[in-house]
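# Results of the structural survey
Read off the chains here:
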Amino acid sequence: MQQTPQRRPSATANFAIGALLAIPGLINLIEGLMGLGIGRLLCGIAALGYGLLLVREALHIKKTGLPGLPQKRMILIGFGFLSVYMVGLFLKHAG
């Protein structure tokens, strides 16, 4: 009987996605701090926070070869950041 190969998270993919999230997150955070709206601030916090979490996971994968957080917890945290981001988008474009 053959075993299916186990999927493992990729440190390179986590670094790439973390960087892609951090750039607009930092821009939105700075714009929000400059007084351009609470929506931009929330979007920046959410994108930057999740980007930093992904980079932390990537560093842990590089160091140990295993993820630092279980997949279920990463998904829940990701949905939490996505929720904050969506509220920020709503506030950003509502006015």
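Below, the structure is looked at part by part. Small disclaimer: the values here were computed from a predicted structure and weren't measured.

## Describing the layout of surface pockets
The computed volume of the largest pocket comes to approximately 400 Å³. In terms of lining residues, the largest pocket is bounded by 15 residues, among which Arg8, Pro9, Asn14, Gln71 and Met74 are the most central. Taken together, the elements giving at least two residues each to the lining of the largest pocket come down to helix 1 (11-33), helix 2 (38-64) and helix 3 (71-94). Here the lining of the largest pocket takes four residues from helix 2, the largest share from any one element.

## Things to note about the packing of helix 1 against helix 2
The interhelical angle for the contact between helix 1 and helix 2, taken along N-to-C directions, is 155 degrees, at an axis separation of 7 Å. Compared by their axis directions, helix 1 and helix 2 come out roughly antiparallel. The crossing of helix 1 and helix 2 is left-handed. Residues of the contact of helix 1 with helix 2, tallied by class, amount to 19 nonpolar, seven polar and four charged.

## Overview of helix 3
Over its 24 residues, helix 3 extends 34 Å from the first C-alpha to the last, a length consistent with the 34 Å expected when each residue adds 1.5 Å. Along helix 3, the residues classified as buried are Met74, Gly78 and Gly88. Those residues of helix 3 that are buried lie in contact with helix 2.

Rules of the game
- Sequence positions are assigned chain by chain, starting from 1 and proceeding in written order.
- Predicted model: local features are reported for residues with pLDDT of at least 70 only, side-chain atom pairs are reported and counted for 80 or more only, and whole-chain, interface and lining totals are derived from all residues.
- For the side-chain quantities, the full set of heavy atoms in the structure was used; hydrogens and water were omitted.
- Every definition here rests on a 1 Å grid over the protein atoms only: cavities are sets of points where a 1.4 Å probe fits but cannot get out, pockets are open sets enclosed by protein on both sides within 12 Å along at least five of seven lines, and lining residues have some atom within 4 Å of a point.
- Grid points are joined across faces, edges and corners, and a volume is the space filled by probe spheres set on the points.
- Helix and strand definitions follow DSSP, with helices as H or I runs of at least four residues and strands as E runs of at least two, each counted in order from the N terminus.
- Axis definition: a line fitted to C-alpha atoms, over the contacting stretch in the case of helices. Angles run 0 to 180 degrees between N-to-C directions.
- Under this scheme an angle from 65 to 115 degrees is roughly perpendicular, one under 35 degrees roughly parallel, and one over 145 degrees roughly antiparallel; angles in between are oblique.
- Helix crossings are classified by the rotation of the near helix relative to the far one: an anticlockwise turn of less than a right angle makes the crossing left-handed, while a clockwise turn makes it right-handed.
- Put simply, Ala, Val, Leu, Ile, Met, Phe, Trp, Tyr, Cys and Pro go in the nonpolar bin, Asp, Glu, Lys and Arg in the charged bin, and everything else, Gly too, in the polar bin.
- Multiplying 1.5 Å by the residue count of a helix minus one yields the expected span of that helix.
- Exposure is judged per residue with a 1.4 Å probe applied to protein chains only, and the accessible area is read against the type maximum: over 50% gives exposed, under 20% gives buried, and values in between give partly exposed.
- Every residue pair with non-hydrogen atoms within 4.5 Å of one another is taken to be in contact.

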